[in-house]
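Examining the three-dimensional arrangement
Here is how the chains run, residue by residue.
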Amino acid sequence: MNPNQDHFDRPVLSPQIANLILDILGEQGIPAHQLFSRLDFDHGQLASEDSYLSFHQMFALINAALRLSPTPWLGLKVGDSETIGTWGVLGYALMSSASELEAAEIGPKYYQAAPSLMQTRTAIEDSRQRIEMTPVYPAERLVPFCVEENMMGICKVASEYLQEPVRALEISLTYPKPVYSRKYEEYFDCPIHYNADRNILWTRAPTDRPLRNSDAASARICLKLTEEMVQRNRDEDDFMLTVRRELLRNPGNMSGMEQVASELAMSSRTLRRKLTSLQTSFRALQDDVRKNLALDYLRNTQLNIDQIAHRLGYSETVNFRRAFKHWTNHPPSHFRG
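Attention here is on the structure that accompanies the text. (Residues numbered from 1 in each chain as written. Predicted model: local features only at pLDDT ≥ 70, side-chain atom pairs only at ≥ 80, totals over all residues. Heavy atoms only, no water.)

Put simply, the largest pocket is a space of about 1,400 Å³. Together, 46 residues line the largest pocket, and Glu-140, Val-143, Thr-174, Tyr-175 and Pro-176 are the ones closest to its centre. Where the lining of the largest pocket is concerned, the elements lending two or more residues are β2 (128-135), α7 (143-161), α10 (238-248), α11 (257-263) and α13 (282-300). Tallied by class, residues from the lining of the largest pocket come to 22 nonpolar, 12 polar and 12 charged. Here the second largest pocket defines a volume of roughly 510 Å³. (1 Å grid on protein atoms, 1.4 Å probe; cavity = no way out; pocket = protein on both sides within 12 Å on 5 of 7 lines; lining within 4 Å. Points joined across faces, edges and corners; volume = space filled by probe spheres on them. Helix = DSSP H or I, 4+ residues; strand = E, 2+ residues; numbered from the N terminus. Nonpolar A, V, L, I, M, F, W, Y, C, P; charged D, E, K, R; others polar.)

A word on the environment of Met-240. Positionally, Met-240 belongs in helix α10. The spacing of Met-240 and Leu-285 is 45 residues in sequence and 7.7 Å in space, taken between C-alpha atoms.

The mixed open sheet is built from five strands, whose spatial order is β1-β2-β5-β3-β4. A single partner strand is all that each edge strand has here, and the edge strands are β1 (118-125) and β4 (192-193). Note: β2 against strand β5 (residues 199-204), six bridges, orientation antiparallel. Paired with Gln-129 across the bridge in β5 is Thr-203. (Pairing = 2+ DSSP bridges.)

Attention shifts here to empty space enclosed by the protein. Enumeration according to the criterion identifies three cavities of 30 Å³ or more in this entry. Taken together, 31 residues form the lining of the largest cavity, with Trp-87, Gly-107, Ile-131, Ile-154 and Tyr-161 sitting closest to its centre. Classifying every residue of the lining of the largest cavity gives 20 nonpolar, seven polar and four charged.

Once that is clear, we can look at the pairing of β5. Judged by how many residues are buried, β5 sits mostly within the fold: five of six residues are covered. Sheet topology note: the strand β3 (residues 170-172)/β5 ladder contains three bridges and is antiparallel. Note on β5: the bridge partner recorded for Glu-170 is Trp-202. (Buried < 20%, exposed > 50% of the residue type's maximum accessible area, 1.4 Å probe, protein only.)

The next thing to look at is helix α15 (residues 317-328). Counted at 1.5 Å a residue, the expected span for α15 with its 12 residues is 16 Å, and the 16 Å between its end C-alpha atoms agrees. In this structure, the buried residues of α15 make contact with α13 and α14 (305-311). With its phi angle positive at about 65°, Asn-329 sits one or two positions after the end of α15. (Expected span 1.5 Å × (residues − 1). Contact = heavy atoms within 4.5 Å.)

Counting 70 residues, the largest nonpolar core has Ile-21, Leu-35, Met-58, Leu-61 and Leu-117 as its most contacted members. Broken down by element, the residue count for this core peaks at 11 residues, all from α7. Met-58 has contacts with Leu-13, Ile-17, Ala-18, Ile-21, Leu-53 and Leu-117, leaving out every residue within four places of it along the chain. Judged by nonpolar contacts, the second largest core, of 32 residues, contains Phe-239, Leu-271, Ala-294 and Leu-312. (Core = buried A, V, L, I, M, F, W, Y, C linked by side-chain atoms within 4.5 Å.)

What follows is the structure in structure tokens.
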């Protein structure tokens, strides 16, 4: 595979979440053809579980669905509709695990085997499980949908295989309080902090308690299939995606090479060498993240050019304009919707 190919163009996302979105829109009286008239692919790509969407396709579908649906809390509805089956082979691997602790280790390790829209990291802090969710796609407008789907999906699916339901104890969100925040209160009934540094869901810590359907033989088979699926979708440029995720953590004050290398538990020299072997550079990935964020702001928000420049960490708008022209061969105004 050409290492310069954009990861977001690769068909790596299974269609379960996309199909849930179609089902919900159908219940709201919005036919599939109305949704796909806004997209550059057709319904046929969701017809089989062997079909896969690229990140660009999936997020274009989410964006179009949010514009059509009368329900701005669509992410919560999608997450609330998820089942073990929605998570595919990963869901069955979790369900068959020996204990809560084993399932808690498998989920973050093999999240790529599910149609995941965010990277998830877990840790135990003060006798609680800390689940941090990081965007994998540079589209700020869609972050609430992705966080909602992820949080609700975790609570809903985990409650299927644990002996007692999972509930949120506390939530931190990187975005402002939405106009439909009462829905968060209805779904989660816990303290919620907006405009935070990280998207974090706290739940009770996992224990060594067995699961409802623990089965060692099934667990081995499902885990083997999960590993094979992750390996099949994995390529060298997954490392570049990992670096992109680190850069997306704080795009207004984007991390430098030393900081990203530290987060990835390596030296900056090793980071530079790995990126060079993939025919790219740290600066090129920084520019690509900024370019995609800028395009998202221009196409999907009413922010003016000065505000966009500030959000991307430019102290002078003229520097942003110059960089943008270098990235796209066009001025920012060319991409205004």
